[in-house]
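# Analysis of the macromolecular model
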Amino acid sequence: MAIYDPTKRPADSFDTHTHLNDDAFWHDVAAYWARAREYRVVEMNIVGYDTVGNERAIEIAHEFEGAHAIVGWQPEDINGFGPAELATLRKQLSDPAVIGLGEMGLDYYWDTTTPADQKKAFQAQLDLAKEFKLPVTIHARDAFDDVYAMLKENDVAQFGGVMHSFAGDENEVKRFLDLGMYISFSGIATFKNAKEVQKAVQVVPRDRLLVETDAPYLAPVPLRGKQNEPMFVRHTIDNLANQLGMEYNELAELTRENAHRLWHLA
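Residues numbered from 1 in each chain as written. Predicted model: local features only at pLDDT ≥ 70, side-chain atom pairs only at ≥ 80, totals over all residues. Heavy atoms only, no water.

Let us look at the UniProt feature "binding site: a divalent metal cation 2" (unreviewed entry) in the chain. According to UniProt, the feature "binding site: a divalent metal cation 2" (unreviewed entry) maps to His-139 and His-164 in the numbering used here. The greatest C-alpha distance among the annotated residues, which extend across 26 residues, is 6.0 Å, indicating that they converge on a single site. If you take the residues mentioned a moment ago, the ones lining the largest pocket come down to His-139 and His-164. Tracing the chain through its elements places His-139 in strand β5 (residues 136-141). Since its relative accessible area comes to 12%, His-139 is described here as buried. Excluding anything up to four places from it in sequence, His-139 contacts Pro-75, Glu-76, Glu-103, Met-104, Gly-105, Leu-106, Asp-107, Val-147 and His-164. Its place among the elements puts His-164 in the loop between β6 (161-163) and α7 (170-178). Look past the residues within four positions of His-164 in its chain and what remains in contact with it is His-17, Glu-103, Thr-137, Ile-138, His-139, Ser-184, Glu-212 and Asp-214. (UniProt positions renumbered as here; feature names shortened; annotations may be inferred. 1 Å grid on protein atoms, 1.4 Å probe; cavity = no way out; pocket = protein on both sides within 12 Å on 5 of 7 lines; lining within 4 Å. Helix = DSSP H or I, 4+ residues; strand = E, 2+ residues; numbered from the N terminus. Buried < 20%, exposed > 50% of the residue type's maximum accessible area, 1.4 Å probe, protein only. Contact = heavy atoms within 4.5 Å.)

Shown next, in the form of structure tokens:
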């Protein structure tokens, strides 16, 4: 079995979706960054979601080597997204620390916005992705069909992207793979009751597989229910390695290489 062993040098890993820009971490980002580095989490995508989250993501990416900013507006917050915010987002995409757009998408679980307004904001960000040729980080909850339709209509393969914290089944994951999307798994894939997600893990090609924490949310087993943080990505890598019959270092290296390919990193 693939077991994380701190007495042996673990491979460097890449948390492709974390929110060190969240209030849960903002009081001491440096401490959380240092804790992650102790466990060889050497790169992270700090993912934005609104005005403050985007600004903080860029600030962190400029301060810490190995941190990259992704900026965008998540569907739950698009009530604050208008022409001024779109103009700001456009300017932020020219910052060398920004490597992608997101998180964006559709979320029909929370009753904070309308599907029509979400689709309008999603389309505006997809238009920017096409213009700047930047990969997109996609949030989809209770909205797989509409997210799939919009990604297909916008020919997402021309700029690339990832389905973040994927929580669908093997048939749903195949649809997004057919669009050329990468698939990122969070702590959800380690939950004992996530059998359908674990079936999806098995059908994702190795060169399209990514890992993330989505911290401060979705802490993996054996820490489920606790506040998540980037250092815990090692548990997700370990669990997925066991599911796939791989060694920890093999999967850590593979997913880091995949991240570099998607986001055009050296």
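Glancing now at the sheet that holds β5. Pairing within the open sheet is parallel, and its eight strands lie in the order β1-β2-β3-β4-β5-β6-β7-β8. The open sheet has two edge strands, β1 (13-18) and β8 (209-211), and neither has a second partner. The mean angle between the axes of side-by-side strands here comes to 25°, regardless of whether they run parallel or antiparallel. Against the sheet, helix α3 (residues 51-63) touches β2 (41-47), β3 (67-71) and β4 (98-107), its axis set at about 160° to β3. (Pairing = 2+ DSSP bridges. Axes fitted to C-alpha atoms, helices over the stretch in contact; angles between N-to-C directions.)

It is worth spelling out the environment of Asn-258 at this point. Among the secondary structure elements, Asn-258 is positioned in helix α10 (residues 248-262). Judged by its relative accessible area of 0%, Asn-258 is buried. Considered as a pair, Asn-258 and Val-211 are 47 residues apart in the sequence and their alpha carbons are 9.9 Å apart. Residue contacts for Asn-258: discarding those within four places in its chain leaves Tyr-182, Arg-206, Asp-207, Arg-208, Leu-209 and Leu-210.

Here the focus is the environment of Glu-170. One can find Glu-170 in helix α7. Separated by 28 residues in sequence, Glu-170 and Gln-198 have C-alpha atoms that sit 8.4 Å apart. Non-local contacts of Glu-170, meaning those with residues more than four positions away in its chain, are made with Glu-196, Lys-199, Ala-200 and Val-203.

We now examine the UniProt feature "binding site: a divalent metal cation 1" (unreviewed entry) in the chain. UniProt's entry tags His-17, His-19, Glu-103 and Asp-214 with the feature "binding site: a divalent metal cation 1" (unreviewed entry), counted in the numbering of this structure. Look at the named residues: they lie 198 residues apart in sequence, but the longest C-alpha span between them is just 11.0 Å, so in the fold they bunch up. Considering only the residues just annotated, the largest pocket is lined by His-19, Glu-103 and Asp-214. Note that His-17 resides in strand β1.

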